Amino acid sequence: MPRITQYLCVSETPSDWESSKGIAKMILRDRVARRKYMGRFLGFTLLWMAMGLWVIDGWLGDSVLLFLIWWGFCALLAMILVIFAVYDALSVIRDERSGK
């Protein structure tokens, strides 16, 4: 008698979503990896700001909508970076208190 899972699209391997969650947990729990990603994210955010200030400033000045979208995304990147920094600080405090 055939198993019912043969007819359903049920996979025995973890999904991409589960794999992505595992990778994210690994990065967030490892201090060195977390800080490497924070550094890369900071570099990307600074590059994004520099492009808006010096490279495409004329193009952004032509349209109020483009200006708001560009700098709104820049503000979003900066807020995400601040959240990562607060998480890192709290994680370090937790590690130090637990004696790791």
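Up top you'll find the structure we're talking about.
The paragraphs below set out a description of the structure included in this document.

Quick notes on the rules
Residues numbered from 1 in each chain as written. Predicted model: local features only at pLDDT ≥ 70, side-chain atom pairs only at ≥ 80, totals over all residues. Heavy atoms only, no water. Helix = DSSP H or I, 4+ residues; strand = E, 2+ residues; numbered from the N terminus. Contact = heavy atoms within 4.5 Å. Areas by Shrake-Rupley, 256 points an atom, 1.4 Å probe, with all protein chains shown as cover. Phe/Tyr/Trp six-rings, centres within 6.5 Å; stacked < 30°, edge-to-face > 60°. Buried < 20%, exposed > 50% of the residue type's maximum accessible area, 1.4 Å probe, protein only. Lys NZ or Arg CZ within 6 Å of the ring centre and 35° of its normal. Core = buried A, V, L, I, M, F, W, Y, C linked by side-chain atoms within 4.5 Å. Patch = residues over 30% accessible without salt bridge, like charges linked within 9 Å, V, L, I, M, F, W, Y side chains within 5 Å. Salt bridge = Lys/Arg side-chain N within 4 Å of Asp/Glu carboxyl O. Axes fitted to C-alpha atoms, helices over the stretch in contact; angles between N-to-C directions. Parallel < 35°, antiparallel > 145°, perpendicular 65-115°, else oblique. Nonpolar A, V, L, I, M, F, W, Y, C, P; charged D, E, K, R; others polar.

**Some thoughts on the overall build of the chain**
Helix and strand content of the chain: 4 helices and 0 strands. Ordering the α and β elements of the chain from the N terminus gives α-α-α-α. When contacts within the chain are restricted to residue pairs at least 6 apart in sequence, long-range pairs at least 24 apart make up 58% of them. Working note: accessible area of the chain is about 8200 Å², and carbon and sulfur atoms make up 70% of it.

**Remarks on the packing of aromatic side chains**
Enumeration according to the criterion identifies 5 aromatic pairs in this entry. Ring geometry for Trp48 against Trp70: centres 4.1 Å apart, planes inclined by 10°, an arrangement best described as stacked. Of this pair, Trp48 sits in helix α2 (residues 31–55) while Trp70 sits in helix α4 (residues 64–98), and the two are 22 residues apart along the sequence. Among the residues examined, Trp48 registers a relative accessible area of 19% and is labelled buried. Within the aromatic cluster, the residues linked to one another by ring pairs are Phe44, Trp48, Trp70 and Phe73. A cation over a ring is seen here: Arg40 above Tyr37, with NZ or CZ 5.3 Å from the ring centre.

**Concerning the nonpolar core**
Soluble, globular proteins show a tendency: their nonpolar side chains are buried together. Within the largest apolar cluster, 6 residues are counted, these being Trp48, Ile56, Leu60, Trp70, Cys74 and Leu77. A per-element tally of this core places α4 first, with 3 residues. Leave out the neighbours within four places in its chain, and Leu77 touches Phe41, Phe44, Thr45 and Trp48.

**Details of a nonpolar patch on the surface**
Side chains of Leu28, Phe44, Phe73, Leu76, Met79, Ile80, Phe84 and Tyr87 sit close together on the surface and give an oily, nonpolar patch of about 640 Å² of accessible area. Sort the elements by how many residues they give to the nonpolar patch and α4 lands first, with 6 residues. In this structure, Leu28 sits in helix α1 (residues 16–29). Leu28 sits in the partly exposed class, given a relative accessible area of 31%.

**Regarding the pattern of salt bridges**
For the structure shown, the criterion picks out 4 salt bridges. In this structure, the salt-bridge partner of Arg31 is Asp95, at a minimum N-O distance of 3.7 Å. Of this pair, Arg31 sits in helix α2 while Asp95 sits in helix α4, and the two are 64 residues apart along the sequence. You can call Asp95 buried: its relative accessible area is 12%. Taken together, the shared-partner salt bridges in this structure form one network comprising Arg31, Arg94 and Asp95.

**Let's talk about the packing of α1 against α2**
The relative placement of two packed helices is expressed as an angle between their axes plus a distance between the axes. Running from N to C, α1 and α2 cross one another at 100°; their axes reach a closest spacing of 5 Å. Here α2 runs roughly perpendicular to α1, going by the angle between their axes. Of α2, the residues touching α1 (which contributes Ile27, Leu28 and Arg29) are Arg31, Ala33, Arg34 and Tyr37. The residue inventory of the contact of α1 with α2, partitioned by class, reads 4 nonpolar, no polar and 3 charged.

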